[in-house]
Amino acid sequence: MKSVHPHKVAEAQSRLFRDALHQRGFILAIFFVSVLSGLVILAQMYSLSILIDAAFLQEWIPNAMQPWILILVAAILVRALLVWIRTWLGMRLAVVLKTEYRKKILRKLHRLGPVRLRQEKTGDLISLQLNGVERLDDFFAQYVPAAIQVATIPVVIFGFVMWVDWPTGLVFLITGPLIPIFMYLIGTKAGDKIHEQWNSLRRMNAHFLDTIQGMDTLKLFGREKYAGRSINNVSRLFRVTTMRVLKIAFLSGMVLELAASVSTAVVAVEVGVRLIEGMMIFQTGMFVLLLAPEFYLPFRTFGAAHHAGMEGAESGAQLFDLLDRKEHSVQANASKKLPSPPFTIELKKVEYSYPLTEEIVLNGVNLQLNPGEIHTLTGASGEGKTTLLHLLSKFIEPDSGSVLVNGRLLENFPPDLWRNQITYVPQFPHLFSKSVAENIKIGDPDAPLFEVAEAARAAHAFDFIQNMPDGFNTMLGENGMNLSGGERQRIALARSFLKQSPILLLDEPAASLNTELEEKIMESLKEFSRGRIIMMVSHRTHSVLASDRLSVIKNGVIVESGEPDRLLPGLKDELIFDPERLQ
Amino acid sequence: MNILKKIISELHRFKGRVSLSLFFVLLTILAGVGLIAASGYLITWAALQPPILDMILILVAVRFFGISRAVFRYTERLFSHDLTFRILQKLRVGFYNAVEPVLPAKAIRYRSGDLLSRFSDDVDQLQEFYLRVISPAFSALFFILLTTVVTAWFSLTLSAAILLLMVINVFAIPFLIRKKAGDITDHLADDFAGLSQFMNDHVQGASDLLHSGSHKNWMAEGEKAIENISDIQKRRTKAFSLESGFYTAVSHASLPASFLILLPLVLSGELSGLLMVAVVLGVFTAFEAFEQIGNAVQHAYETRESAERLDDITSVKADEKPKKLTTVFKPQDASISMMNVSFSYNKDRVLRHIDLVIGAGEHVLLTGPSGSGKSTIAHLLVKWFEPDDGDILIGDQSIRMADGASVRKFISVVGQHTRLFNTSLRNNLLIANPDATDRDLIEALTAVRFDDAFAKLPNGLDTQVGELGLRLSGGERQRVAIARALLKDTPIWILDEPLSNLGRAMADEISESVSELTKDKTVLHITHDKSRLNMADRFYAMSDGKIWFKRLPGPYRVSTSSKG
């Protein structure tokens, strides 16, 4: 796990707490159950003290004692019941909130979109969604209920003890608040030290993780044995320094324990002395003695839950880090309606630079895309071809200039509605862990099978799909069959033929195909292009020749644009590349 | 290697420390029991109003227990944490040694990044095995024994009753609850796997989805997966919350049980009331020893799962085992030839009958669309994998029987994602050549034109590069990677898409310095960018695991070098 800045953890902690408090029903129920528990503890210990008194000092009259035995047993049963309910409420609260966070993550990722997601490792995101959220469990199931208990049970007990035996109440009054004060100190000074140390433990974990994940780099430099020794040394050094810190840090924990157990001892001695002096009756003394550990128990539980709470908060900090990520602001004047197709798209002086490096990618691009036209874009790697496709999909917004759709500004359209008009076939399309048919039907989930087959045929995918073990029902994706780049693209192409969207964006659709297939697919596209915009990035002669218009991008501007057969001879080998031309 | 067995054997090695630590756990609980029992005894006796001098001993005992409990607890925490760190150290080293031979092959083979991103959680889980499983389990057993023996001295019935209650608490409840929850938990694992799969599609296929227009259905599917987990967890809360209720009921039941069993003895005068109070309260407090047992059982289950996953990473299948390597690897020159090489991951054929020749000192460009198998060729050359078929020669010597490390001595790789370790810039460079002086390092940085960026670094070579080197820009990281290759100074360079993450201007600049620095080297440059053609003597194009086009030594480099 990545290490998180301490103040972010503290922030996350209070935010998690607030989120818990918003679950009013649960919080009130836990509060109510805790108050009841306090009362039941009083009943339990009172009846026990009566029984002990009767057995030891008074005369034991079975009939008179029977009700007290019943009360004792009943109190224990009710107490157990209340513990059960409180635990259940806490766990339930955790489940409800975890579910809520998981959905929030899902929606956030959806809104962030693929361009921003590219900077994240998929594994990290999955791990946050699964393990990260799961680590919040202890925070809600233990820490929050423990905090409510510490605010209720000791108060009930203290109030009652004040009433029956105020000197003992005074002992509680003096020592009770000491514990939260010490706990506050744990939460700050010594706690900071422990926390710092846990953080460096995490850093050491990170070092270990770093080493293992960087094994390829280590091996390439022949340093794998050295790194193994270094793990040993780092771990040993860490233990030595940590133990030095813990020796001091644990002292504060000891003070907490000491406060609880010494106070119990003080109550015992103080009650004992007053009994000897005959200043109080035995039954009352027994009663308050039995209550002493119960008074301190919630504090100790809270102290123990504190650590769990901190770990949860650390996970929370990572969670909030993702949830607070900036996303697209939908324009205030966003119109709900799109113009109806066919579309004409016009790019005017579009500029864009990478947000992190501020490197200029597009430096005033002018381009017009007409319906019924296959428009091919070519240019060297890194010249911003893919960036242009992202702009058209509204994954990113231009820094300046405008994109007009039928004369209206693209930035005013809601992204979801707009993307629905587009199909995008990337160079290496993603295969979902579903069947071939379902993978094609992502474009149109309700399409009948014959249409799916038709689309596959148009994409020249039908034959190889038929040859797969289960035909259209063959499972694909991580747990299924793996396909080659060309096959993937043809599946994605079938997807777009099925969806029949007015705009089709293709990123090097022919890169993995032989010339024959390339020609066939271009024919399909040609037919499909009627009334549609097809924008394609390509470097292949046949694709270029089959398109209606060719534009060349260089240094962030369109340097040439026109009929392919007129432009083609002037282009350099490295831009338009085909075996025939080289051989 | 079985990781759990390893931990237990490590514990055996530390038996002195383990015993000390356990001893203090017991003392802590004993002091708690003593405090309550002695306090009860004290005030009961006090009710008889004896002379206070008679009570000195019990007063001292109460004070002693009151103070010692905290001290014992403190000592115990120190010992157990020290022990945990010691185990952790052994565990890490052991795990490292176990995965070192199988990485990075295994991580590449199972493409999902999951394999390595989960394991740090799993190692975290294991490190607390002693603290959270062994120690509570041991103290629970000890207190069952101790209480049974001590109470037997007062009454056999009491002893039997308490034994029964304790056994219910320690054995029956946690295991029954987990048996009940077990079936549910199995479903949970499936549903987590389902959500993980969904997330993978959701992130990787984000752009496919957003364009599909059916993302509403898709989101509904995702929320459904989350709801499924939530439903199962809700069912599980019913089982798990029962545990704490049962635990409270059973441990508190010891109060009326021991009271009622001892009552006749007190009434008949066989047992003093003082002792009865002490025993009733003491026995009740002893149940404190079982507080953690539910967690311990839970933790044990989870630890077993973690250990299984870790075993999975470290396990080596027969076909992945390195063969006995006999040859001393001493290639005559830096030429490379791959002859009829085929290779597959699991069942997918990645390379089919590859023939590829690079003469010593030649620059060869290998291009092809993503997923066509270009990088796999590089993986085979550095021996992450062995080809299924065919042979690879370096300097006319087959690398098949040579040890991977000795082959890699001749090869530098600059990849797409340069991995920098979270340490100083100096250490990141030194891994390429531990003997290099600061001057060598700065020379290398200057050669790759990192000098301007270097001047801006706050602490020069001591600058921390940050987690995964993210504090440096993409171009800077690639320059550091090239500097490292320079420092390693090998005759063969493999460039695997080193420029593909950079903008055009930056890519051109770096490309230029690389061609200059590798003038006399054998270079295999893998790229999907055909505009780099002018850098090559020879040119191969790949698609779907096959080389479908090659251009023999041609005028490219000659013409450009004559130009420059």
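One structure accompanies this document, and this report is about it. (Residues numbered from 1 in each chain as written. Chains lettered and ligands numbered in written order. Predicted model: local features only at pLDDT ≥ 70, side-chain atom pairs only at ≥ 80, totals over all residues. Heavy atoms only, no water.)

## Comments concerning the overall build of chain B
Item 1. Secondary structure assignment for chain B yields 20 helices and ten strands.
Item 2. Here chain B holds 564 residues, and 59% of them are scored as buried.
Item 3. For chain B, restricting intrachain contacts to residue pairs at least 6 apart in sequence, the fraction spanning at least 24 positions comes to 77%.
Item 4. As presented, chain B carries roughly 23300 Å² of accessible surface, and 57% of it is formed by carbon and sulfur atoms. (Helix = DSSP H or I, 4+ residues; strand = E, 2+ residues; numbered from the N terminus. Buried < 20%, exposed > 50% of the residue type's maximum accessible area, 1.4 Å probe, protein only. Contact = heavy atoms within 4.5 Å. Areas by Shrake-Rupley, 256 points an atom, 1.4 Å probe, with all protein chains shown as cover.)

## Some remarks on the sheet that holds strand β6 (residues 411-414) of chain B
Think of a sheet as strands paired side by side through backbone hydrogen bonds, with each pair either parallel or antiparallel.
All names here are of chain B.
Item 1. The strand order across the open sheet built from six strands is β6-β7-β8-β3-β9-β10, with neighbouring strands paired in mixed fashion. One side of each edge strand has no neighbouring strand; the edge strands of this open sheet are β6 and β10 (546-551). Each adjacent strand pair in this sheet contributes to an overall mean axis angle of 15°, direction not counted.
Item 2. When strand β3 (residues 363-367) meets strand β9 (residues 538-543), the two strands line up parallel, connected through four bridges. By the bridge assignment, L366 is partnered in β9 with Y540.
Item 3. Against the sheet, helix α18 (residues 474-488) makes contact with β6 and β7 (492-496), and its axis sits at roughly 175° relative to β6, the strand it touches most. (Pairing = 2+ DSSP bridges. Axes fitted to C-alpha atoms, helices over the stretch in contact; angles between N-to-C directions.)

## Observations concerning the pairing of strand β4 (residues 400-405) of chain A
Residue and element names in this part refer to chain A.
Item 1. In this structure, strand β1 (residues 345-353) lies alongside β4, joined through five bridges in antiparallel fashion. Among the inter-strand pairings, I345 is bridged to a residue of β4, identified as V405.
Item 2. Both β4 and strand β5 (residues 408-409) contribute to a ladder of two bridges, which runs antiparallel. What sits directly across from L404, in β5, is L409.
Item 3. With antiparallel pairing between neighbouring strands as the criterion, β4 and β5 make up a hairpin whose turn holds two residues, including N406 at a positive phi of roughly 45°.

## A few points about the nonpolar core
Item 1. One finds W60(A), F140(A), M286(A), L42(B), F259(B), L262(B) and F290(B) to be the most contacted residues of the largest nonpolar core, which totals 152 residues.
Item 2. Considering every element that reaches this core, the biggest residue donor is helix α10 (residues 282-323) of chain A, with 18 residues.
Item 3. Here F259(B) is in contact with L51(A), I52(A), A55(A), W60(A), S254(B), M276(B) and V280(B), once residues within four sequence places are set aside. (Core = buried A, V, L, I, M, F, W, Y, C linked by side-chain atoms within 4.5 Å.)

## Digging into the packing of aromatic side chains
Item 1. Applying the stated criterion to the full structure yields 35 aromatic pairs over all chains.
Item 2. Judged by centre distance (6.1 Å) and plane angle (85°), the rings of F17(A) and Y143(A) are edge-to-face. Of this pair, F17(A) sits in helix α1 (residues 6-22) while Y143(A) sits in helix α5 (residues 137-164); the two residues are 126 residues apart in sequence, bridging distant segments of the chain.
Item 3. The class for F17(A) is partly exposed, based on a relative accessible area of 24%.
Item 4. Seen from their ring centres, F238(A) and F85(B) are 5.4 Å apart, and the 90° between their planes marks the pair as edge-to-face. Within this pair, whereas F238(A) is found in helix α9 (residues 224-276), its partner F85(B) is found in helix α3 (residues 56-99), the two belonging to separate chains.
Item 5. On the basis of relative accessibility, which here comes to 8%, the residue F238(A) falls in the buried class.
Item 6. What makes F85(B) buried here is its relative accessible area of 6%. (Phe/Tyr/Trp six-rings, centres within 6.5 Å; stacked < 30°, edge-to-face > 60°.)

## Some details on the interface of chain B and chain A
Item 1. Between chain B and chain A, the contact holds 144 residues from the first and 148 residues from the second.
Item 2. In total, about 13500 Å² of surface goes out of reach between chain B and chain A, with carbon and sulfur atoms giving 67% of it.
Item 3. In this structure, E223(B) and R107(A) form a salt bridge, with 3.2 Å as the shortest nitrogen-oxygen distance.
Item 4. Our count for the chain B to chain A interface comes out at 25 residue pairs in polar contact (both at pLDDT 80 or more).
Item 5. No other element matches the 31 residues that helix α10 (residues 215-267) of chain B contributes to the side of chain B that touches chain A.
Item 6. Of the residues that constitute the side of chain B that touches chain A, the class distribution is 73 nonpolar, 41 polar and 30 charged. (Buried area = accessible area lost by both parts, 1.4 Å probe. Salt bridge = Lys/Arg side-chain N within 4 Å of Asp/Glu carboxyl O. Polar contact = N/O pair within 3.5 Å; in protein donor to acceptor, adjacent residues only side chain to side chain. Nonpolar A, V, L, I, M, F, W, Y, C, P; charged D, E, K, R; others polar.)

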